[in-house]
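# Residue-level structural notes
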2 protein chains.
Amino acid sequence: MIGHTRRGFIVALALLALGPAASGAWAQADPLPSWNDGNAKSAILAFVGRVTQQGGSDFVPVEERIATFDNDGTLWTEQPMYVQAAFILDRAKQMVKEHPELAQQPVFKAIVDGDTAALASLGEQGLADLMIATHSGMDTETFDKAVSDWLATARHPRFQRPYTDLVYQPMVELLAYLRANGFKTFIVSGGGIEFVRPWTEKAYGIPPEQVIGSSGKTRYRLDGDTPVIEKLPEVDFVDDGPGKPVGINRFIGRRPVFAAGNSDGDLQMLQWTTLNTGPRFALIVHHTDAEREYAYDRQSLVGKLDKALDEAPRRGWLVVDMKNDWRTIYKP
Amino acid sequence: MIGHTRRGFIVALALLALGPAASGAWAQADPLPSWNDGNAKSAILAFVGRVTQQGGSDFVPVEERIATFDNDGTLWTEQPMYVQAAFILDRAKQMVKEHPELAQQPVFKAIVDGDTAALASLGEQGLADLMIATHSGMDTETFDKAVSDWLATARHPRFQRPYTDLVYQPMVELLAYLRANGFKTFIVSGGGIEFVRPWTEKAYGIPPEQVIGSSGKTRYRLDGDTPVIEKLPEVDFVDDGPGKPVGINRFIGRRPVFAAGNSDGDLQMLQWTTLNTGPRFALIVHHTDAEREYAYDRQSLVGKLDKALDEAPRRGWLVVDMKNDWRTIYKP
């Protein structure tokens, strides 16, 4: 009996000692510390657990673990205006300083005067022309530098921080968690591909070759012995709405297993991801936190959020409630 | 003295025993066994050694180690015609079987009759129309399957082997060697992106998201609750010649450090890669082996090879002589 008790004691001691290391729940630190415990966090953890379970019925081979993320409003703040729009306005003002004759054009005049009504009255075509005017007439390396220089000094009007500080910490953790589980993470942005690429590696750990976005036409030429790629004043591809699955098919050539968005511009990407056989996951970041960020339920300044939210319950898409599901929004 | 001799003997024995393992040259197996020893192989090994040497003046950080490879004639055999052209001809014949009324169109009639003179007389527009007719009017997943099914049964007319057997073993080794040294390898093909993607992961270890190629326009639509991406009868992007740097910039967003091609269609990619600061490497596969593959020096059936070969010495590009530099061409 003594022998038995003693063995029992030793086994108990060993279990106590090994317990935390042996149990999966204790073995690793929480991979999503900026997410509050709750349905959203549990659903994400459960899905990743299922698709990475060797031999499980929902196992997805590593090479098929493709995850696609919208950028504006999904990975960083898009209010009070798209960051790229702030860049365009600053760039237009700079252009008028360098070429005062531009101020005779209505769109540049409205910007210099801060006349938002006049700007709005120019309609989509006026804004598209402005986009083209500020994004062409230079080579790609010059534009890349213009974006990096601007981001280094520009500040968000409300938070008075660099825009790249306003990336969502819970989403940065989610990206890292997916990569740690064999996923390849991509950005699929309605914004300009060359506006997004210069900073995503540092901000999100996503390299330029995993960024998809809208783009203008370009042309290669040899300038003496210096090759340049020139940005032309012509839109090539709009990576928004139904353009997102088209862009994903063009750039990746596989259907994602995981996708995240926040607006109707992401609707078709979420459909393309989830309306397929096998395990699939989609989430919508719902902006419900006026205090720490912005609250703009179904109608934002920058786009509708109606259809995606309506489809979510029917499709089983997770709606993330920023106010309740996120412990932290930005890194302090 | 005895002691000394004995010690010397033991040391000699130890060196003999350790020698192969201790010496760098012997420590690892030859990473390029299908390359003959010589300038070409040495130049590749020396370059990779330099850019991966931590603290060396030519060190390139892992995230910038981008390598781009042409496909036809660089990674697999492109004679007597592009493999995709053989696919188009077989597909056109199949289409006539299913829709006999097509035989009234001159291009389909020429194919069914095997009338190459009539086919040639249709010119570039006729061939472009044929390309479009055989590559559209279906969704992307159906096309993907059509390519895979065809490759499973089609045979090369001379070697009587599946086309995917006719990948160059020395280049497959080079791709693997670069990846083992932290490079990300991409295909940059003039061929159709959707013709190349279905088989490159197996043949080269290159996943679909690292394949760039020519493409037609596509459109997303929801067919009931099934999302499809439809192939439209319109060319979107030609990834050849000056289109290659444009495609690299669009898809990768960084300039390569290493590039390989074989024809004038690769000229601008090699320029874009090498005419830059920092260590850069470019090579041209020169087809000199009529016995084991094909010899077509400066003029092939399928494209000019003049300008790239002329520029090579001036730019310091390596010209690989298939006959002399490659021990093996295909896997037996």
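Calculation notes
- Residues numbered from 1 in each chain as written.
- Chains lettered and ligands numbered in written order.
- Predicted model: local features only at pLDDT ≥ 70, side-chain atom pairs only at ≥ 80, totals over all residues.
- Heavy atoms only, no water.
- Helix = DSSP H or I, 4+ residues; strand = E, 2+ residues; numbered from the N terminus.
- Buried < 20%, exposed > 50% of the residue type's maximum accessible area, 1.4 Å probe, protein only.
- Contact = heavy atoms within 4.5 Å.
- Areas by Shrake-Rupley, 256 points an atom, 1.4 Å probe, with all protein chains shown as cover.
- Lys, Arg positive; Asp, Glu negative; His and termini not counted.
- Charge placed at Lys NZ, Arg CZ, Asp CG, Glu CD.
- Domains from an automatic or database assignment.
- Salt bridge = Lys/Arg side-chain N within 4 Å of Asp/Glu carboxyl O.
- Polar contact = N/O pair within 3.5 Å; in protein donor to acceptor, adjacent residues only side chain to side chain.
- Pairing = 2+ DSSP bridges.
- Axes fitted to C-alpha atoms, helices over the stretch in contact; angles between N-to-C directions.
- Phe/Tyr/Trp six-rings, centres within 6.5 Å; stacked < 30°, edge-to-face > 60°.
- Lys NZ or Arg CZ within 6 Å of the ring centre and 35° of its normal.
- Parallel < 35°, antiparallel > 145°, perpendicular 65-115°, else oblique.
- Nonpolar A, V, L, I, M, F, W, Y, C, P; charged D, E, K, R; others polar.
- Least-squares fit on C-alpha atoms with pLDDT ≥ 70 in both.
- Left-handed = near helix turned anticlockwise from the far one by under 90°.
- Buried area = accessible area lost by both parts, 1.4 Å probe.

## Quick look at the overall build of chain A
For chain A, the helix and strand inventory stands at 14 helices and 9 strands. Dimensions of chain A, computed from the C-alpha atoms along their principal axes, are close to 100 × 50 × 40 Å. Every one of the 332 residues in chain A was classed for burial, and the buried ones make up 48%. Residue pairs at least 24 apart in sequence account for 66% of intrachain contacts in chain A once pairs closer than 6 positions are excluded. Entry remark: accessible area of chain A is about 15,600 Å², with carbon and sulfur atoms responsible for 56%. Side-chain charges of chain A comprise 35 positive and 42 negative groups, with the mean position of each set lying 7 Å from the other.

## Some thoughts on the domain arrangement of chain A
Residue and element names in this part refer to chain A. In terms of domain boundaries, chain A breaks down into domain 1 (29-79 + 164-325) and domain 2 (83-145). Counting residues at the interface gives 15 residues for domain 1, matched by 12 residues for domain 2. Applying the counting rule to domain 1 against domain 2 returns 0 salt bridges. Linking domain 1 to domain 2 there are 5 residue pairs in polar contact (both at pLDDT 80 or more). Listing elements by their share of the side of domain 1 that touches domain 2, those giving two or more residues are strand S2 (184-192), helix H10 (193-204) and strand S4 (226-237). The leading source of residues in the side of domain 1 that touches domain 2 is S4, at 8 residues.

## Looking at the pairing of strand S4 (residues 226-237) of chain B
Residue and element names in this part refer to chain B. With 8 bridges connecting them, strand S3 (residues 211-223) and S4 associate as antiparallel partners. Counterpart to serine 215 in the pairing with S4 is phenylalanine 237. Count of turn residues in the S3/S4 antiparallel hairpin: 2 residues, of which glycine 224 carries a positive phi of about 65°.

## Some remarks on the sheet that holds strand S6 (residues 281-286) of chain A
Residues and elements named next belong to chain A. The mixed open sheet is built from 7 strands, whose spatial order is S4-S3-S2-S1-S5-S6-S9. The outermost strands of the open sheet, each flanked by one partner alone, are S4 and strand S9 (318-321). Between one strand axis and the next, the sheet turns through 35° on average, direction left out of account. Where helix H3 (residues 39-51) meets the sheet, its contacts fall on strand S5 (258-261), S6 and S9, and the angle it forms with S6 comes to roughly 155°.

## A short note on the packing of aromatic side chains
In this structure the tally under the stated criterion is 37 aromatic pairs over all chains. For the pair tryptophan 150 of chain A and phenylalanine 195 of chain A, a centre-to-centre distance of 6.4 Å together with 50° between the ring planes defines the contact as tilted. Taken together, the positions of tryptophan 150 of chain A in helix H8 (residues 140-153) and phenylalanine 195 of chain A in helix H10 put the pair 45 residues apart, joining distant regions of the chain. For lysine 231 of chain B, the ring lying beneath its charged end belongs to phenylalanine 143 of chain B, and the centroid distance is 4.5 Å.

## Re the packing of H10 of chain A against helix H11 (residues 243-251) of chain B
Taken N-terminus to C-terminus, the directions of H10 of chain A and H11 of chain B make an angle of 60°; their axes are 10 Å apart at the nearest point. In terms of orientation, H10 of chain A lies oblique with respect to H11 of chain B. Within the contact between the two elements, H10 of chain A uses Ile193, Glu194 and Arg197 of chain A and H11 of chain B uses Asn249, Arg250 and Phe251 of chain B. Its residues placed into classes, the contact of H10 of chain A with H11 of chain B shows 2 nonpolar, 1 polar and 3 charged.

## Points about the sheet that holds strand S1 (residues 66-69) of chain B
Residues and elements named next belong to chain B. With mixed pairing, 7 strands are arranged side by side in an open sheet as S4-S3-S2-S1-S5-S6-S9. Edge positions in the sheet fall to S4 and strand S9 (318-321), since each has one partner strand and no second. The average angle at which neighbouring strand axes cross in this sheet is 35°, direction not considered. Pairing of strand S5 (residues 258-261) with strand S6 (residues 281-286), which is carried by 4 bridges, proceeds in the parallel orientation. If you follow glycine 261 over to S6, its bridge partner there is isoleucine 284.

## Considerations on the pattern of salt bridges
If you walk through the whole model with that rule in mind, you get 42 salt bridges over all chains. In this structure, glutamate 230 of chain B engages arginine 221 of chain B in a salt bridge whose closest nitrogen and oxygen atoms are separated by 2.9 Å.

## Digging into the relation of the copies chain A and chain B
Mapping chain A onto chain B calls for a screw motion: a turn of 180° about the axis and a shift of 0.0 Å along it, with 0.0 Å RMSD after fitting. Each copy turns onto its partner about a two-fold axis. Relative to the rotation axis, the C-alpha of phenylalanine 251 of chain A is the closest in chain A, positioned 3.3 Å from it. Most of the interface of chain A is mirrored in chain B: 100% of its interface residues are interface residues there too.

## Remarks on the side chain of aspartate 70 of chain A
Residues and elements named next belong to chain A. In this structure, aspartate 70 sits in the loop between strand S1 (66-69) and helix H4 (83-98). Side chain to side chain, aspartate 70 and threonine 74 meet in a polar contact 2.7 Å long. For aspartate 70, the contacting residues outside a window of four places in its chain are Leu75, Val188, Ser189, Lys244, Ala260, Gly261, Asn262, Asp266 and Met269.

## Overview of the packing of H8 of chain A against H10 of chain A
Residues and elements named next belong to chain A. Between H8 and H10, the shortest axis-to-axis distance is 9 Å and the interhelical angle comes to 60°. Between H8 and H10, the interaxial angle falls into the category oblique. Helix-helix and strand crossings are classified by hand; for H8 and H10 the assignment is right-handed. Contacts from Thr140, Phe143, Asp144, Val147, Ser148, Trp150 and Leu151 of H8 reach H10 at Glu194, Phe195, Pro198 and Trp199.

## Quick notes on the interface of chain A and chain B
Facing the 40 residues of chain A at the interface are 40 residues of chain B. Broken down residue by residue, the surface that chain A buries against chain B is led by Glu209, Tyr220 and Arg250 of chain A, which jointly contribute 21%. For the pair chain A and chain B, the interface holds 12 salt bridges. Across the pair glutamate 201 of chain B and arginine 254 of chain A runs a salt bridge whose closest N-O atoms are separated by 3.3 Å. Where chain A meets chain B, there are 28 residue pairs in polar contact (both at pLDDT 80 or more). Going through the elements one at a time, H8, S2, H10, strand S3 (211-223), S4, helix H11 (243-251) and helix H12 (267-274) of chain A are the ones with two or more residues in the side of chain A that touches chain B. For the side of chain A that touches chain B, the leading source of residues is S3 of chain A, giving 6 residues.

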